[in-house]
Amino acid sequence: MSTIPEALPGPAPRPERGGRDSGSGGRRGLGRIANARIAVVMLIAAETMLFTGLIGAYLVLRFGTVVWPPAGQPRLPIPVTAANTLLLFLSAWTMSRATRALRAMDVSGALRALRVTAFLGAAFVAVQGSEWARLLAHGLTLGSSVYGATFYVLIGAHATHVLAALLWVLGVLFVLRKGPITARRRVGAEVCATYWYYVCFLWAILFPLVYLV
Amino acid sequence: MDNPLMPVRMGRLLRPLLALVLAALPASAFGQCSMCGTVGQGAEDPLVRGMFVSTLVMVSMPFTVVALVGGWFYYKFRRGAFDPPEQEGSEEDRVVTFRRD
């Protein structure tokens, strides 16, 4: 008896990995969370501790000063910043539209929503920058007082994070334009969305704390 | 279906957690350090009060973060909302089969 191969020899089939690494985590095991998701959760946890330290320092200096804001310092532009806040929250909504479109495999809808998100994020940063320029012209600088120092450090740290998130969104846009939506690209876009939501949530904490209280 | 990593039902964890949160709420939680209160002008000194509030925020944050991250993992496993396995190549492997004459 001889054995005749029906097909040309090729690489041996990869053994199916069971247990933890298999598919949907039904009867076979515990399921899988993408490494990118775990990474962004760890990143957000670390960023939270960073902002907690900054906010803690702000609270000590804020409560330690009897008159706040100190006399002679310009007042913060609350109406403009409130409108800017709405822009940022609107960008969170458009980002959710983008992820929903990705799940529905609607590439053009996702790209459109991502472009609007990037535009709103850029508008937020631009308005913040213009308000900073006005405050600097009116004498509120890093060295002018504790008020100026805490303002620029806290809000500047947030603005840096918004800029980084914006670059990330642009990167996701570039990747999604290149080809079809694969599972990996979808997870990458969702992870970017998670970080965008976090940046918006941070502003929801910082705006009342720095501008309104 | 019971997850072997989560043998305890959520309700039994919530009660001690709630007790912990309620224990931290009274005003005495704001007076963490009596030495800080005496070095300043007492607990009514704005700087001391600021330090107390700041300490409360900073010390509670790691617990909050760990609880949220843990809750997220629990939610993912409970809901079974997992990601598809990563595919290491787009082509199917060629399989060699043998037939006997």
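Placed above this text is the structure.
About the thresholds
- Residues numbered from 1 in each chain as written.
- Chains lettered and ligands numbered in written order.
- Predicted model: local features only at pLDDT ≥ 70, side-chain atom pairs only at ≥ 80, totals over all residues.
- Heavy atoms only, no water.
- Patch = residues over 30% accessible without salt bridge, like charges linked within 9 Å, V, L, I, M, F, W, Y side chains within 5 Å.
- Areas by Shrake-Rupley, 256 points an atom, 1.4 Å probe, with all protein chains shown as cover.
- Salt bridge = Lys/Arg side-chain N within 4 Å of Asp/Glu carboxyl O.
- Lys, Arg positive; Asp, Glu negative; His and termini not counted.
- Charge placed at Lys NZ, Arg CZ, Asp CG, Glu CD.
- Helix = DSSP H or I, 4+ residues; strand = E, 2+ residues; numbered from the N terminus.
- Buried < 20%, exposed > 50% of the residue type's maximum accessible area, 1.4 Å probe, protein only.

Caption draft 1: Focus on a positive patch on the surface. Residue and element names in this part refer to chain A. Judged by side-chain charge, Arg97, Arg100, Arg112, Arg115 and Arg177 come together as a positively charged surface patch. At the level of elements, α2 (78-103) and α3 (107-137) are the ones that each hand at least two residues to the positive patch. Of note, Arg177 is situated in helix α4 (residues 146-178). By relative accessible area, which is 63% here, Arg177 ends up exposed.

Caption draft 2: Inspection of the pattern of salt bridges at higher detail. All names here are of chain A. Tallied over the full model, the rule gives four salt bridges over all chains. A salt bridge links Arg103 to Glu190, with the shortest nitrogen-to-oxygen separation between them at 3.2 Å. Here Arg103, found in helix α2, pairs with Glu190, found in helix α5 (residues 183-212); they are 87 residues apart in sequence, far enough to count as distant. Residue Arg103 is classed as exposed on the basis of its relative accessible area of 53%. In this structure Glu190 comes out as buried when scored by relative accessible area, which is 7%.

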